Amino acid sequence: IPQENHRLRMYKRVAGVENEAQLSDVTGELRDRYGEPPAAVQSLLQYAALKLVCQRVGVSQIERRRDLVSIRFTEAADIDPAKLAQFVAANKGAQFTPQGMLKFAMKATRAEDILNGLRDLLTQIAAEELPATSG
């Protein structure tokens, strides 16, 4: 987006989305006005989609250090214990701590793969089916 004020306005809109419909609207507007977004903007949209899933599921923090990912859930997290246990059992070295922290290895290095992988995981272990997100 060539004009700085338009670029900042769009960034603020992406950062402020509160649901999947708003994210879809902003994504569509970006494409209509400026064409296919570059990789950095795609990552921003994917981050916004992940943020929405985190809010719906009850994730308070995600941290990644090298290949180790830690996801901290709130006490009221809406996750399915059986699905969580299945994920931990299927992933060597994965663990869920009594403090509500899921730790596992993630080999992905590209931002797109990391963001999509995290979003897919949270959608997979959610207690109820989440709506599809854009990005």
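That block above? That's the structure.
These numbers were taken from a predicted model, which means no experiment stands behind them. (Residues numbered from 1 in each chain as written. Predicted model: local features only at pLDDT ≥ 70, side-chain atom pairs only at ≥ 80, totals over all residues. Heavy atoms only, no water.)

Asks: I tried to follow the layout of surface pockets on my own but got confused; where do I start?
Replies: Here the largest pocket is characterised by a volume of approximately 210 Å³. The wall of the largest pocket is formed by 13 residues, among which I1, R7, L30, P38 and V41 lie closest to the centre. No other element matches the four residues that helix α1 (residues 4-15) contributes to the lining of the largest pocket. Across the lining of the largest pocket, the residue classes break down as 10 nonpolar, one polar and two charged. (1 Å grid on protein atoms, 1.4 Å probe; cavity = no way out; pocket = protein on both sides within 12 Å on 5 of 7 lines; lining within 4 Å. Points joined across faces, edges and corners; volume = space filled by probe spheres on them. Helix = DSSP H or I, 4+ residues; strand = E, 2+ residues; numbered from the N terminus. Nonpolar A, V, L, I, M, F, W, Y, C, P; charged D, E, K, R; others polar.)

Asks: Sorry, what's going on with the pattern of salt bridges here?
Replies: As a working rule, side chains carrying opposite charge can pair if their charged atoms are close by. Counting across every chain of the model gives eight salt bridges. Put simply, E29 and R13 hold a salt bridge, and the shortest N to O gap is 2.4 Å. A residue pair is termed long-range when its members are at least 10 positions apart, and E29 in helix α2 (residues 20-34) and R13 in helix α1 qualify at 16 residues. In this structure R13 comes out as partly exposed when scored by relative accessible area, which is 32%. Of the charged contacts, one joins R31 and E36 as a salt bridge, the two residues approaching to 3.3 Å between their closest N and O atoms. Linked through salt bridges whose partners overlap, the residues forming this network are R13, E29 and R33. (Salt bridge = Lys/Arg side-chain N within 4 Å of Asp/Glu carboxyl O. Buried < 20%, exposed > 50% of the residue type's maximum accessible area, 1.4 Å probe, protein only.)

Asks: Hey, could you run me through the pairing of strand β4 (residues 101-105) in this one?
Replies: Looking down a regular strand, the side chains alternate between one sheet face and the other. When strand β2 (residues 68-73) meets β4, the two strands line up antiparallel, connected through five bridges. The residue bridging R72 from the neighbouring strand is M101, located in β4. The pairing of strand β3 (residues 95-96) with β4 spans two bridges and is antiparallel. When the bridges of β4 are listed, F96 appears paired with L102. The hairpin turn running from β3 into β4, its antiparallel successor, is four residues long, and G100 in that turn takes a positive phi close to 85°. (Pairing = 2+ DSSP bridges.)

Asks: Can you walk me through α2 in this structure?
Replies: Because an α-helix packs 3.6 residues into every turn, residues spaced three or four apart end up facing the same way. The end-to-end C-alpha separation of α2 is 21 Å, in line with the 21 Å expected for 15 residues at 1.5 Å each. The complete set of buried residues in α2 reads E20, L23, V26, T27 and L30. Take α2 and look down its axis: the buried residues cluster within an arc of 130°, on one side only. Facing away from the buried surface of α2 by more than 90 degrees, the exposed residues are A21, D25, D32 and R33. Buried residues in α2 make contact with α1 and α3 (39-57). Its side-chain oxygen 3.1 Å from the backbone nitrogen of A21, N19 forms the N-cap of α2. Count one or two residues on from α2 and you reach G35, which has phi positive near 85°. (Expected span 1.5 Å × (residues − 1). Arc of directions from axis to C-beta. Contact = heavy atoms within 4.5 Å. Polar contact = N/O pair within 3.5 Å; in protein donor to acceptor, adjacent residues only side chain to side chain.)

Asks: Just to check I follow, could you spell out the pairing of β2 for this structure?
Replies: In terms of strand pairing, strand β1 (residues 59-65) meets β2 through six bridges, oriented antiparallel. Note that in β2 the partner of V59 across the bridge is F73. In this structure, the hairpin formed by β1 and β2 is closed by a connection of two residues, where R66 is found at a positive phi of approximately 55°.

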